[in-house]
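# Analysis of the macromolecular model
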Amino acid sequence: AATAPRIPSTRLALHHFDTSYSLHLGALWPSVRAGLLCEQKYGALLNNFAAADHVPEELELLNATDFISEAAQKAQRWQRGAAVGEAATGCQEGSGEGRTVMQAEMMTQAEVSPPFCDSISSQIKCYTFPRGDITRFRPARPDSLGLLDYYLMDAASLLPVLALNVQPGDFVLDLCAAPGGKTLALLQTGFCGHLAANDVSISRTKRLYQILHSYVPREVRDTVSVTSYDGRDWDQVKGGTFHKVLVDVPCTTDRHSAMEEDNNIFHKRRTKERQMLPMLQLQLLMAGILAARPGGELVYSTCSLSPLQNECVVQRALDIAEAQFNISVHAEDLSHFRTLFQDTFSFFSECRLGELVLPHLTANFGPLYFCKLRRM
């Protein structure tokens, strides 16, 4: 008997997405689907270690802007506006009508922006082209010492690093670090007292080494330890020691799955592996929670739209931490990120926990889910 033709993995992925995401995203799904199937948009993460002072001017001439510093300026304007609003309120306190709607809004925005202003001192700079502008960045170039001037990545991938808000001297763990874009961004802060970059895949860890050698001088590389442990066992290696932990887990990588046959998790042979992803993600997040010291902060992230891999994993981890380990973990409100970065990214407004960047034809970044947790 003739064998049935193999259905392409990309078609299987799209069928799965059409079934589940049309329910989850509703009327937004057709637009998100179109974004997933079109060319992804990139940002240029500037390499602070390279002698590349000319690069910002070069990019600005092309009409690219540093979306992070733009958001920081927005936050500062809110705070100034809030200060004016407070002064006006003080003058009118007797009337009981001191706060106009506009002042109330400024106060609300300003009240959530100080933690962001702290993270902005991180020195991370990433240039993007405006909404609707599909200009491509030139390839990165080496400086006189051979360090490349910028790293091209999905600009949304920087949001988990910004949310982590690394402070001077922090011990930082990047639990699933390869291929290395977020690891490089963490180093751009200049704040990591020590950075442990781990990935279970030895071949992917080689890619991480390549990025470190291409972008980072030796004296900074010496503050990074690269390992290939199974991240699920990390708490047995170094439990309760890190100020900040990034848990950027393996996922269905929705954009790749919809577009590329190569290494596609929707291949029939990988069905069980795909079905087990939420369990793996939960185990990695639990290891991250146990690796953080009390008072430490974590960010969990995926490049999937799936609530089963996003909010559901986070909620389950919160429940298990409390029930099995007597550890209280608090999910932080990141809605101010949505407000600050809405000019650059399209966000889903209905996440119960964390934030989700949606692909959109005019701002084709993501998908990227991130949720910040604090170990109490």
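The protein carries the name 5-cytosine rRNA methyltransferase NSUN4 in an unreviewed UniProt entry, which gives Dicaeum eximium as its organism. Listed in UniProt under the heading Subcellular location (unreviewed entry), the comment for the protein reads: "Mitochondrion".

## Topic: the environment of Ser203
Residue placement: Ser203 occurs in helix α9 (residues 202-215). Of the polar contacts made by the side chain of Ser203, one reaches the side chain of Ser201; its length is 3.1 Å.

## Considerations on the UniProt feature "active site" (unreviewed entry) in the protein
According to UniProt, the "active site" (unreviewed entry) feature falls on Cys303. Overall, Cys303 belongs to the partly exposed group, its relative accessible area being 29%. Discounting residues that sit within four places of it in the chain, Cys303 has contacts with Cys251, Thr253, Asp254, Pro367 and Leu368.

## A closer look at the pattern of salt bridges
The final tally for this structure, using the stated rule, is 16 salt bridges. For Arg6, the salt bridge is made with Glu261, and the minimal N-O distance between the two is 3.5 Å. With a gap of 255 residues between them, Arg6 in the segment before α1 (9-25) and Glu261 in the loop between α12 (254-259) and α13 (271-275) connect regions that are remote in the sequence. Relative accessible area serves as the criterion here: at 54%, Arg6 is assigned to the exposed category. Its salt-bridge partner being Arg33, residue Asp18 comes within 2.8 Å of it at the nearest N-O pair. Separated by 15 residues along the polypeptide, Asp18 in helix α1 and Arg33 in helix α2 (residues 29-36) bring together distant segments of the chain. Residues joined by salt bridges that share partners form a network here, namely Asp170, Lys244, Glu297, Glu332, Lys372 and Arg374.

## Comments concerning the nonpolar core
The biggest cluster of nonpolar side chains holds 50 residues, and the ones touching the most others in it are Val247, Leu285, Leu305, Val314 and Leu373. If one sorts the elements of this core by residue count, helix α14 (residues 277-291) sits on top with 9 residues. Excluding residues within four positions of it along the chain, Val314 makes contact with Leu285, Tyr300, Leu353, Tyr369, Cys371 and Leu373. In this structure, Ile68, Ala71, Tyr215 and Leu246 belong to the second largest nonpolar core, which totals 49 residues.

## Some words on the UniProt feature "binding site: S-adenosyl-L-methionine" (unreviewed entry) in the protein
The UniProt entry lists Cys176, Ala177, Ala178, Pro179, Gly180, Gly181, Lys182, Asp199, Asp230 and Asp248 under the feature "binding site: S-adenosyl-L-methionine" (unreviewed entry), expressed in the numbering used here. Mapped onto the secondary structure, Ala177 falls in the loop between β5 (170-174) and α8 (181-188). According to the relative accessible area criterion, Ala177 is buried, its value standing at 5%. Those residues in contact with Ala177, other than ones at most four positions away along the chain, are Thr183, Ala197, Asn198, Asp199 and Leu208. The residues contacting Ala178, other than those within four sequence positions of it, are Asp199, Arg204 and Thr205.

## Concerning the packing of aromatic side chains
To describe a pair of aromatic rings, you give the distance between the ring centres and the angle between the ring planes. Taken as a whole and assessed by the stated rule, the structure comprises 16 aromatic pairs. Summarising the aromatic geometry, the rings of Phe17 and Phe266 are spaced 5.4 Å apart at their centres and angled 85° between planes, so their arrangement reads as edge-to-face. Of this pair, Phe17 sits in helix α1 while Phe266 sits in the loop between α12 and α13, and the two are 249 residues apart along the sequence. A ring pair is formed by Phe337 and Phe341, whose centres lie 5.5 Å apart and whose planes are at 55°; its orientation type is tilted. Here the two residues Phe337 and Phe341 agree in accessibility, since each one is buried. Ring pairs connect the aromatic residues Phe67, Phe337, Phe341, Phe345, Phe347, Phe365 and Phe370, which therefore count as one cluster.

## Looking at the side chain of Thr189
Along the polypeptide, Thr189 turns up in the loop between α8 and β6 (192-198). For Thr189, a relative accessible area of 4% translates into the label buried. Of note is the side chain of Thr189, whose polar atom sits 3.1 Å from the backbone nitrogen of Phe191.

## Here we look at α9
With 14 residues, α9 ought to run about 20 Å at 1.5 Å a step, and its terminal C-alpha atoms sit 20 Å apart, in line with that. Here α9 has its buried residues at Thr205, Leu208, Ile211, Leu212 and Tyr215. Around the axis of α9, the buried residues are gathered within 110° of arc, so they sit on the same side. Facing away from the buried surface of α9 by more than 90 degrees, the exposed residues are Ile202, Ser203 and Lys206. Contacts made by the buried residues of α9 are with β4 (150-153), α8, β6, α10 (218-221) and β7 (224-227).

Conventions adopted
Residues numbered from 1 in each chain as written. Predicted model: local features only at pLDDT ≥ 70, side-chain atom pairs only at ≥ 80, totals over all residues. Heavy atoms only, no water. UniProt positions renumbered as here; feature names shortened; annotations may be inferred. Helix = DSSP H or I, 4+ residues; strand = E, 2+ residues; numbered from the N terminus. Polar contact = N/O pair within 3.5 Å; in protein donor to acceptor, adjacent residues only side chain to side chain. Buried < 20%, exposed > 50% of the residue type's maximum accessible area, 1.4 Å probe, protein only. Contact = heavy atoms within 4.5 Å. Salt bridge = Lys/Arg side-chain N within 4 Å of Asp/Glu carboxyl O. Core = buried A, V, L, I, M, F, W, Y, C linked by side-chain atoms within 4.5 Å. Phe/Tyr/Trp six-rings, centres within 6.5 Å; stacked < 30°, edge-to-face > 60°. Expected span 1.5 Å × (residues − 1). Arc of directions from axis to C-beta.

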